[in-house]
Each structure stands twice: as C-alpha cells, then as structure tokens.
Amino acid sequence: MANEGLTIEKRDDGVAIIRMDIPGEPMNTLKSNFIDTFTEVYDAVENDADVKAIVFTSGKKDSFIAGADITMLEAVETAEDGERLALEGHKVMNRIENFPKPVVAAIHGVALGGGLETALACHARVASDNKKTQLGLPEAQLGLLPGGGGTQRLPRQVGVQPALDMMLTGKQIPAKKALKMGLVDDVVPESILIETAAELALSRVGNRPKPDSFIQQLRDKEAVTEFALSKNPVGRKILFDQARKQLHKQTRGNYPAQDLIIDIVKTGLEDGFEAGLAAEARGFGRLLISAEAANLMSIFFATTALKKDTGVDDPEVKPREIKKVGMLGAGLMGAGIAYVTSAIAKIPVRLKDRDADGVLAGLRYVRGIIDGRVKRKRLSDRQADALMLQTTGSTSFQGFQDADVVIEAVFEDLSLKEQMVRAVEEVGRDDVIFASNTSSLPITKIAAASKHPETVIGMHYFSPVHKMPLLEIIVTDQTADWVTATCVALGKKQGKHVIVVKDGVGFYTSRVLAPMMGEAAHLVAEGVPIEKIDKAMLNWGFPVGPIKLTDEVGIDVGAKVGKIMVDAFGERMSQPEGMSRLIEDERYGRKNGRGFYLYSDKKKGVDESVYDVLGVKPDNKGVSDEDIAWRCALQFVNEACRCFGEGILRSARDGDIGAVFGLGFPPFRGGPFRFVDQVGAKEVLGRLRELEKQLGPRFSPAPVLEEIARSGQTFHGPDAIQPGQSKGSHSQNEPRANA
Amino acid sequence: MESNGKRVAVVAGLRTPFAKQLSAFRELSALDLANLVVSEMLQRVDVDPNEIQQVVYGQVAPSLQAPNIAREIVLATGMPKSIDAYSVSRACATSYQSTVNIAESIMAGAIDTGIAGGADSASVLPISVSTRLAEALVAATKARSIGERAQIFAGLRPRDLVPVPPAIAEFSTGLSMGESAEKMAKENHVSRKAQDEFAHRSHSLAAKAWAEGKFDDEVMEVFVPDRFKESIREDNLIRKNSELEGYAKLKPAFDRKHGTVTAGNSSPLTDGASALLLMSEDKARAHGFDVLGFIRSYAFAALDPAGQLLMGPSYATPIALDRAGIKVSDLDLIDMHEAFAAQILSNTQAFESKEWSEKNLGRSEKIGDIDWDKFNVTGGSLSIGHPFAATGARQITQTLRELKRRDGNLALCTACAAGGLGAAMVLEAE
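Residues numbered from 1 in each chain as written. Chains lettered and ligands numbered in written order. Predicted model: local features only at pLDDT ≥ 70, side-chain atom pairs only at ≥ 80, totals over all residues. Heavy atoms only, no water.

**A look at the overall build of chain A**
Consideration 1: Within chain A one finds 31 helices and 19 strands.
Consideration 2: Rg of the C-alpha trace for chain A: 28 Å, near the compact-globule value of 27 Å for 739 residues, within the 12% margin.
Consideration 3: Seen through its C-alpha atoms, chain A measures out along the principal axes to roughly 85 × 65 × 55 Å.
Consideration 4: Counting the 739 residues in chain A, one finds 56% classified as buried.
Consideration 5: Across chain A, the fraction of contacts at a sequence separation of at least 24, relative to all contacts at a separation of at least 6, is 74%.
Consideration 6: Taking the 94 positively charged and 101 negatively charged side chains of chain A as two groups, their mean positions are separated by 4 Å. (Helix = DSSP H or I, 4+ residues; strand = E, 2+ residues; numbered from the N terminus. Rg over C-alpha atoms; globule rule 2.2 N^0.38 Å. Buried < 20%, exposed > 50% of the residue type's maximum accessible area, 1.4 Å probe, protein only. Contact = heavy atoms within 4.5 Å. Lys, Arg positive; Asp, Glu negative; His and termini not counted. Charge placed at Lys NZ, Arg CZ, Asp CG, Glu CD.)

Rendered as structure tokens:
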C-alpha cells in the first residue's frame, strides 16, 4: 500500500513498518499534505486487527526526516495561517502519541525539526549508531520555533535544561549522546535497527511502561538537579532567569524566536501540556511572518542555492578533480588552509615554507586543531595520526610536481607572489592552478607574472580558516571558467560557502568592511567613547564592534589597507587624521598588546590613554546609539551597493552571504541587500543624503541606490535589478596600480 | 633470473635520517617512522597510489599493538585500502627480504608495482614482563574470586616484577652480537687498530658524502610529530670530524680484558625507516620513470650460529654472483652492511681467501679480491647508523645512486643477520 511517500509493510509477527520515502526527493520533509497522508496511514494500521505494533522509519538511505518543508513555511502569509498549520500538525502528533498500539521510531540519519518532533510523538525511539544519525530542533536558527509539539515534548523527554539548550542553539545531538540524555531508548548498528525497534514495539503490546518512579529518578544525579530546578517554583524561576540572561548576552534581544521558546516552555511547565501546545502554535504563527524569520530563511535558501552554484554561468563547465594541493606559506592562514584541505576536503597537502621552523609552526598548528577534535572525542588517536599524515612539510618545491592547485599564503608582497608564480610554473604541471590568498593585492597583477594567466585566481580565506565559513574567490578577466569551477568545488569540499567576485581593490569583503571601520574611527575622532561605538554595533547585531575589530586586524594593517583603498576609491575611504598618530605611538592593536583596548591580564576594557594620543576628550553625549549604528552600517551597505553596481558581485545573494558569513553582518537582517530591500531604497537613500549634507561626501550614495529608488526596483525578488549596471561616475572599473 | 623486460626496477628509494637512540625520534614508533617515509616517498614520486598493489614491510623489534606493520602503513598513509600488505622479519636483513618478496611477486606476474622497506625504533620498544609475572597475569584472568587472584600474585617475588627489555643475544647460543663479533675478531686475528681504522674510514666517508650533497635526495627531512618542535635533516650519529686517535681511547665493550670490539667500531642503536618503490621494468618504462636501477639477482644463505655468526655475506655473495653470471671483478661497487668493523674485516678476509672458500663453501676459487675504492664508498652502518630493518633498503638506494654517479653498471649489496643468516643482491644500473 502506498500513499504519497508512506508505505506500510505488514510482517508475520504483527508489526507494521511504516516507511516514509517521498518520491523524487533526496531527503524526507514534512510537506503540507503530511497531515492527510499520516492520518490515512495510521487509520489503516489502527483498523487492521493483524497489526499489533508499529515501527515508523524512513525509506531514505541516510536520513530519517530532515524537518518541515521550508518552502511550505515560507508561503504562509498570515500569523493565523501559521498558527493553524501548527495546530493541524499537533493533531497528527497527538494522534501518534495516543495511538492504541505501540509506535516505535527507528532513526537512521538526520532527524531534525519536524522529523525529531515526529519521533518524539512516538512511544519509544531506537537510533542507529551511525555518524550520520543526528537529532536536533534547529528551528530557532531560522528564526522559528519547533511548531510540532517540540517545545512541550522535548522538555518532558530530556528535562528542561537540556531541552532549552537544544532548542535555543539548534545543536545536533549524535546517537550516543542522545541515548545518554534519554532522547532515545536504544542505540544499535544500522543492520539491526528495524529488528530492534520491532522487538521493542512488540514488547510494549498491552503494557505501556510507567514513567520512572520518584526514587528511581533520585538515583540519577542529573535528574536531581533537574528536579531541583524545574519541578519546584523557586528553582524554576532561577532556571528560566538564567537561561534568559545567558541568551541575552548573545542575542541582545535581536532574535525573538529564542525568547519565545523560553516563554512557551515555561507556559507548558506551569499551565500544562495543552496550554503549552496552544502557546506554541500561536508563537509559531507569529514568528513565521516575522522579518527575522524571513531573513534567516532567505540565508538558508541562499546557502542551499550556493551549494548548487558552480561559480560560473556556463552550465557545460565542470570542475576538474583535485588529488593534491600545494600550499605555499605555513603561517596561520597557510596552515589553516592546509587543515581544511587535508582534514575536511580529504585532499593531501604539500605544505611549504621558507625554513624548517616555518614548516614546523604550520604542522604544529594543523596538529593543534586535530588534537582539539581528539579531545572532544570526535577522532581517535589513530585517526588523528592518519589525518596528520595527509599534510607533509617541505622547505623546497619538491613534491609540487603533481599538485593540481597551489595556494599561496606568503607575505603580502607583490614581487614575492610573482616569484611564487614563476617557481610553481617551473616545477608544476602545465595546467596547475595558482591561487592567491591575498586580501589586498589585485589578482590581475599577480596573474601578469604567469605564463598562463588563465590559471591564476584568488582564494580569499578568513581567519581562523577552520572556523570562518566564507571563501571569497576572485576571478580576473582572464581566469578560465574551468579554473573558477575547480576552485569553487574545492572550497565547497573544504566546508565553505563560496562566492565568486570580480577582481578589484579589496575585492568585495575587504572593500565593504573598510568604510565601516573608517566610520567608527571618525566617530572616535569626534570624541564618541569607544565602548559606546562598539556597544551600539553589537546591539545592532554585529558579533564584534568595529573598534575592537580594528584592534584585532591590526591598526597598522588597517592603515596600510586604508591607503590602498584611498588610492583606488578616493577620499571617501580616508581615515581621520589622528589615526596615524596611533601608529607613531606604536599602537598596532592586539598583536602587540597596545591599541584602543587594554590587553593586560589584570585590566580589560578601553585604554583611556588612547584619547590623549588622538587629541580628543571622550564625551558621552551628542551622538545617539542609533546614529552610530546608522552611520557605520550605512557605510557598509552603501559600499556593498557600489560593488553590486560595478559588477564586482555576481548577485545580491552573494553579497548577502559574503557579508553575513565573512564579516558578521547581522544574519537576522539578511545581509546588506536584504536590508535595503526591507528598509526601502528610498529610505536608505534619504538617510545617506542627510548624512552627506552633515558629514561630507564620504556618504554620497551609490549610483545603484539612486537608480532603484527611482525605478522602484529591489535587489531581490521578481523585480530585481541586475548587477554591474550602475557603475556611476566616480568609481573605477579597473583596479588601480600601486597597491 | 633476468627475464625479458620482466626485470624488477627500483623506481625510487627514500629514508628518514638515521637518528641516535632516544634523540630526535625518541617518541616515534617504528610504525610512525615508516608512515613518514612512505608518505613522503609517495609525495615525491609521480605515481598514482591506485597503481600500487602490494606493500611488504618489516621491523625487527616486534610491535605488540600493530603486528602487521605493512598493513598499518597502508591504512594510515591514505593509500587505497584495497592494497594487500604483509610483514616480514629477517633480523638485520629484513628489508632485503621485503624487497625480494615484492620482486618475486613482480617476476611471477602477480603484481607490477609494490612498496618494500623496513623500520625500527631503538627508543620505543616493547618492554615485556618476566615469565613468572606473565604466567600469573594470564592465570589471574581465569581466577574466579578475589581470594584466588590474591593467591596467584602472592607467589611472585620482587625480582619477578622487573621488566624485561627485548633480547639482543642470540636465542640459540645466548651470545650477544658484540660477543660474537669479539669471537670473530679473535679467531680471525683482526686487530684493534684495523677495526678502528675501518670505523674511522666509515665515518669520514659518510661525512664527506653528506658534505658533497650526495644524500640530499635520498634522505628526507623529518618534521618530528606529534609536537612538531624540531626537525631533523641529516643522520646524527656520523662523526663529522672523525679522528683516528679518538677511537683508540675507547674501552672494549664486550671483553674488558682481552677484547678489541668497542662502541666506536660497532654499529650503534638507531631509529629510522626506509622504503623502496619497485615496479616491473615494462611498466616503469611505459610510465617514463627515471629509474634508479634494476635487481639482477639475489641470494640468502645460512650458517651455524655457533660458528662465526656474522659471516653471512661470504656465504650469500657467491650464490648471488653465480645467479647473475658475474664475478667480484665485474662489480663497480660493493656495499656490505657494517655491523662491526670486526665482522666486515672477517668477511673481506674470507672473500680474498681460497682456503676459506674451499673449507666453508666447497668451492675451488676464492670469492674475489676487494677493491677498496669500490667498497662502502659513502659510509655504512658503523657511521650512518643501523635501524635494523631499515638498513637493507638504505643500502640499495645508496648504492644505486652512487652507481649512477660513477656511471657504473653492476653493484653488490650484502648483509649479515642474526641467526647466522646472510643476504646478497646484485644490482645493475642499465
């Protein structure tokens, strides 16, 4: 019997296996018709006297249910419709929970969101011990909350604290841990998963096990804490207050979903399951139409689309296979790239540095990251040793003869990079790709040193490489499509979101970051207290304040890049005069422990002496937090718009992804282009013009903004403007020399 | 043995620096060392790992954790897991054996590409427990109560708890290697002076070879895992400024009163690994490899360990030469493993003696005269060091590369081994 992806297999022992296998999809998701199909199938097994017990499982190879169909959620237009959708879902889940015959979920692969909620509604759960088996409620990451009863069933299953932790962070739990925390009842090899679930289901026929007695619960130390905290009113208050405090430290109130989850769990605990479910459905509807959810979902869709993007427009172009990567420079960047290549992409790396000490430092760094995984029990010692052998060190070009791609992360010096190009082409294959990890030098110039410039490309990673999720690939007019596609494929294998941008000074990411950091410097020069600036931007949603970031990047590096930017783009990139005095005062930022902030063990916070160096008196009045946020954010957004207009970006989507994953642009705002679409181009333009009047031409609006404000177009959606159409008068298309 | 286009080609050879016991490699097991040298060799040679069909590898000091070192190498270095692998042990001639096993598989047509080699650590060793403690521990696993268990251990004496290091003495005779060398020195009348002179020669030649860059491409630089705090580029046992007088000052190590064998004229305890990439001649040529050379013939021989234990080279060599159809005078190079200067000089004496040949081999001709300009010309185990299982492959690579430099064609590598064994291999450049 088949019904839209649900099949029933009746076995001789009285167990009916319900298998979910949505045709034509790689993974199961809960679509709008799931309510009908589930009802129909459960009706059938309920009325069948031969069926004594049910095993619910997936027919997909390596996944259970990946969650609700996000396209369906996105289509919901009103909060009421959203609430109704949740309430309908609750009916199905309640039906399973109250089913007269035992229902056991057999889970292999991901059980996320609605998938885990379905499993939670079953009477018991058995999971496979496979690495792919991961359980979680990631809705909050999309600005939503678990709307299939998860906010009520999960705390009742595993306790309030672990449940909040899972729902607020969206983290995924591997099978072994799930067993330990009581999320599943048994963990077995995949080969006996169905059989074990069937046995468990049969053993429950006619005898539903009672919940553990009070005394039994007291034996478990974690249960005692849980009891102390959640089962009495005082403890409960402490628990929820703590959770909220913890949350606000991170979200600063920008993420309403997390707050609602805490509320709803509390409601369920205090007013009962039914009240909890009602609150859940109401909250779900409210969040579904929120701007935050729309933006977070748009990022989800963008990353999904990016995964399928080869990075080139010609669909005929295929990436070439990469069997070996050569890495020049074993500093933090080089070693980080070596790690993601060898340990994540599983491609052997030849790591070269000038001398043995350099190679040792790089290998030590790679080993350090691997050791971290051993400590967290993600790897065994043996696996770690084997992984480490995939990066071999060298002080010569020996071993580069068969590299498919060579990435350089040597010192930022054009002649040195040119030397590397020539050396690689001498020892390497004729079609070896030379990728530069420069963050400031134009790729076109590096390519000029090459005998075959079509194989030269930029691969701009972010530090620390193994943690930062973005890779910005830079192509010149000469870069061959197959080269771009091959490097994009490599970046994806390294676990990165990959955007492809055109060559130009600062590419995309460095270019949009510079004017925001510059604006922060202008604010300091005006006497706005440093902590006030950083706090305003943290509240706006950035993970790090711009002044703190300047310290991290290095004040000297910022000045150097600033000069390159001014040369290329003119005065709008210039920094206030006082900044050069910081360099004279040997304030380079965190790296030498002298910057805007203090870096001694005893004292933290702003280094007040910096104001004297700059010749300003900090004054807490005058500029409001909102003004600070608008000024800094608009510099970022405006420059992003220029990049779009000049055709540096291939799409607004890439611009949003680059800003969110590379520069920490607030994800709940969806990226600079979503932001403009949401606030309205007219509004953004108006504010820029106002600031231009007050503060000067560095706020003159990007031509593309004027254009879409006039035409009523947007960056996203059906009426979207195409990139590269609005170059304007004062921007250069070609990267200027002397970088 | 030579067969049309079916000769066995040595495509590449590499080794780690050989390091003094408990120096740079103090934390690395034989397997760790083997993994380093095999991965590095695969990085340097333009060969697709999918082309490799077999790995035969060896170590002399056994590993209790990973007894089949060859297979562990395949699994740890990221080679295709489908590659067959097994381990061999033939004491100091172990990597002769692993090389021959790959060679024979190639000649039989079973495979066309394989990796051979050997590794040993004198620093990370399997220390075992006394026989009585071992018995007690095994018995304790069968005990049914705590009382029973206590009774088992109560029977032990303090001396039973002393750990037992691996033996360096012959199992059958109880004589250590050094004592055997001492015995040979006395019976063959090899003087202390001659031994010291030979050791001095070995160190001087090895130091010269390094200085001239001859070893640069056959020895890898090791960045020492897991700490990656130090790297080692060269062998660290070679005396760079060797002076003959220095050797004379040392006291005899095995016979304090009448002995002549000292630490200075014996090979030292060493950590290291080596590897060879072997291929059928046809395939190597088809892929356009610049091969190091070919294996022309080989032989193993054995003698009574109660006699002169380390005379193996004199027994194995004439057989290998016969199989190659050549004489000592046809050779452009000889590389004889230097376990002890006394052993080398006993063997060279035997090579040149018609009487020895008649008596011990039943052959009417002497094996052949030694041309010292062709004998161990870039140093040997006395100076470079001797990580037991790694030495044979070290000799093969070192000899073939020297053969090329000299534009020579034929060479002999030979070694003695515990148990009275001997190995010999004839190599040719073209």
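Having seen the model, we can carry on.
**Quick notes on the packing of aromatic side chains**
Consideration 1: As enumerated under the stated definition, the model contains 24 aromatic pairs over all chains in all.
Consideration 2: Here the aromatic rings of W540 of chain A and F542 of chain A are separated by 6.1 Å at their centres, their planes lie at 20 degrees, and the arrangement is stacked. For the residue pair W540 of chain A and F542 of chain A, the accessibility class agrees, reading buried in each case.
Consideration 3: For the ring pair F636 of chain A and F665 of chain A, a centre distance of 5.2 Å and an interplane angle of 40 degrees mean the geometry is tilted. You can see F636 of chain A sitting in helix α27 (residues 625-646) and its partner F665 of chain A sitting in the loop between α28 (652-663) and α29 (672-679), a full 29 residues away along the chain.
Consideration 4: Relative accessible area serves as the criterion here: at 0%, F665 of chain A is assigned to the buried category.
Consideration 5: Above the face of the F300 of chain B ring, R90 of chain B is positioned so that its terminal group lies 3.8 Å from the ring centre. (Phe/Tyr/Trp six-rings, centres within 6.5 Å; stacked < 30°, edge-to-face > 60°. Lys NZ or Arg CZ within 6 Å of the ring centre and 35° of its normal.)

**Overview of the interface of chain A and chain B**
Consideration 1: Contact residues are listed per partner, giving 23 residues for chain A and 22 residues for chain B.
Consideration 2: Across the chain A to chain B interface the summed buried area is about 1800 Å²; carbon plus sulfur atoms make up 52%.
Consideration 3: Three residues stand out in chain A for area buried against chain B, namely L360, L389 and Q398 of chain A, and they jointly supply 28% of the buried area on that side.
Consideration 4: Our count for the chain A to chain B interface comes out at three salt bridges.
Consideration 5: A salt bridge links D48 of chain B to K323 of chain A, with the nearest nitrogen and oxygen atoms 3.7 Å apart.
Consideration 6: Across the contact surface, chain A and chain B share eight residue pairs in polar contact (both at pLDDT 80 or more).
Consideration 7: Elements that contribute at least two residues to the side of chain A that touches chain B include exactly α16 (356-375), α17 (381-388) and β14 (391-394) of chain A.
Consideration 8: In terms of residue count, the dominant contributor to the side of chain A that touches chain B is α16 of chain A (six residues).
Consideration 9: Residue composition of the side of chain A that touches chain B, by class: eight nonpolar, eight polar and seven charged. (Buried area = accessible area lost by both parts, 1.4 Å probe. Salt bridge = Lys/Arg side-chain N within 4 Å of Asp/Glu carboxyl O. Polar contact = N/O pair within 3.5 Å; in protein donor to acceptor, adjacent residues only side chain to side chain. Nonpolar A, V, L, I, M, F, W, Y, C, P; charged D, E, K, R; others polar.)

**Describing a nonpolar patch on the surface**
Residues and elements named next belong to chain B.
Consideration 1: Nonpolar side chains collect at one region of the surface, where V129, L137 and F153 lie side by side and expose about 220 Å² of accessible area between them.
Consideration 2: With respect to the helices and strands, V129 occurs in the loop between β5 (113-120) and α4 (131-142).
Consideration 3: For V129, a relative accessible area of 37% corresponds to the partly exposed category. (Patch = residues over 30% accessible without salt bridge, like charges linked within 9 Å, V, L, I, M, F, W, Y side chains within 5 Å. Areas by Shrake-Rupley, 256 points an atom, 1.4 Å probe, with all protein chains shown as cover.)

**What to know about unusual backbone geometry**
Consideration 1: Cis geometry is found at the peptide bond from S463 of chain A to P464 of chain A, where omega equals -5 degrees.
Consideration 2: Counting through the fold element by element, P464 of chain A comes out in the loop between β17 (456-461) and β18 (470-475).
Consideration 3: Note the cis peptide between P225 of chain B and D226 of chain B, where omega equals -10 degrees.
Consideration 4: Structurally, D226 of chain B can be placed in the loop between β6 (222-223) and β7 (231-232).

**What about the side chain of R296 of chain B?**
Consideration 1: Topologically, R296 of chain B is positioned in strand β9 (residues 293-302).
Consideration 2: Of note is the side chain of R296 of chain B, whose polar atom sits 3.0 Å from the side chain of E428 of chain B.

**Here we look at the sheet that holds strand β5 (residues 63-65) of chain A**
Picture the strands of a sheet paired through backbone hydrogen bonds; they go either parallel or antiparallel.
All names here are of chain A.
Consideration 1: The four strands are arranged β5-β7-β9-β10 in an open sheet whose pairing can be described as mixed. In this open sheet, the two edge strands, each paired with only one partner strand, are β5 and β10 (173-174).
Consideration 2: Docked against the sheet, helix α4 (residues 114-121) engages β5, β7 (110-112) and β9 (134-136), running at close to 90 degrees with respect to β7. (Pairing = 2+ DSSP bridges. Axes fitted to C-alpha atoms, helices over the stretch in contact; angles between N-to-C directions.)

**Regarding the packing of helix α30 (residues 681-695) of chain A against helix α31 (residues 703-711) of chain A**
All names here are of chain A.
Consideration 1: Contact geometry for α30 and α31: axes closest at 8 Å, N-to-C directions at 135 degrees. As the angle between them shows, α30 and α31 are arranged oblique. In this structure, α30 meets α31 at a crossing whose hand is left-handed. Contact with α30, carried on its side by A681, K682, V684, L685, L688 and R689, involves L705, E706, I708 and A709 of α31 and no other residues of that element. (Parallel < 35°, antiparallel > 145°, perpendicular 65-115°, else oblique. Left-handed = near helix turned anticlockwise from the far one by under 90°.)

**Some thoughts on the packing of helix α3 (residues 79-97) of chain A against helix α13 (residues 273-288) of chain A**
All names here are of chain A.
Consideration 1: The contact between α3 and α13 brings their axes to 7 Å, and the two run at 140 degrees. The crossing of α3 and α13 is right-handed. Residues A79, G82, E83, A86, L87, H90, N94 and E97 of α3 pack against F273, L277, E280, A281, R282, F284, G285, R286 and L288 of α13.

**Concerning a positive patch on the surface**
All names here are of chain A.
Consideration 1: Taken together, K176, K177, K180, R376, K377, R378 and K467 make up a surface patch of like positive charges.
Consideration 2: Topologically, K467 is positioned in the loop between β17 and β18.
Consideration 3: The exposed category is assigned to K467, whose relative accessible area is 62%.

**Looking at α4 of chain B**
Residue and element names in this part refer to chain B.
Consideration 1: Over its 12 residues, α4 runs 17 Å from end to end, which matches the ideal 16 Å to within 8%, given 1.5 Å per residue.
Consideration 2: Among all positions of α4, only L133, A136 and A140 are buried. Each buried residue of α4 sits inside an arc of 60 degrees when the element is viewed along its axis, so together they form one side. Set apart from the buried face of α4 by more than 90 degrees, the exposed residues are T131, E135, V138, T141 and K142.
Consideration 3: Each element contacted by the buried residues of α4 is listed here: α5 (146-154). (Expected span 1.5 Å × (residues − 1). Arc of directions from axis to C-beta.)

**Digging into the pattern of salt bridges**
Consideration 1: Under the counting rule described, the total for this entry stands at 80 salt bridges over all chains.
Consideration 2: Here D13 of chain A makes a salt bridge to R11 of chain A, at a shortest N to O gap of 2.7 Å.
Consideration 3: Salt-bridge contacts for R7 of chain B lead to E428 of chain B; the nearest nitrogen and oxygen are separated by 2.9 Å. Here R7 of chain B, found in the segment before β1 (8-15), pairs with E428 of chain B, found in strand β12 (residues 421-428); they are 421 residues apart in sequence, far enough to count as distant.
Consideration 4: Each member of the salt-bridge network shares a partner with another, and the members are D309, D313, R650, R653 and D654 of chain A.

**Section: the sheet that holds strand β16 (residues 433-436) of chain A**
All names here are of chain A.
Consideration 1: With respect to topology, eight strands assemble into an open sheet ordered β14-β13-β12-β15-β16-β17-β18-β19, the strand pairing being mixed. Two strands in the sheet have a free side with no partner beyond their single neighbour: β14 and β19 (497-502). Strand-to-strand twist in this sheet, taken as the mean axis angle between neighbours without regard to direction, amounts to 25 degrees.
Consideration 2: Summarising the sheet, strand β12 (residues 325-328) and strand β13 (residues 349-352) pair through four bridges and their orientation is parallel. Bridge pairing links V325 to V349 in β13.
Consideration 3: Contacts between helix α15 (residues 332-344) and the sheet are confined to β12, β13, β14, β15 (405-408) and β17, with β13 contributing the most and set at about 170 degrees to the helix.

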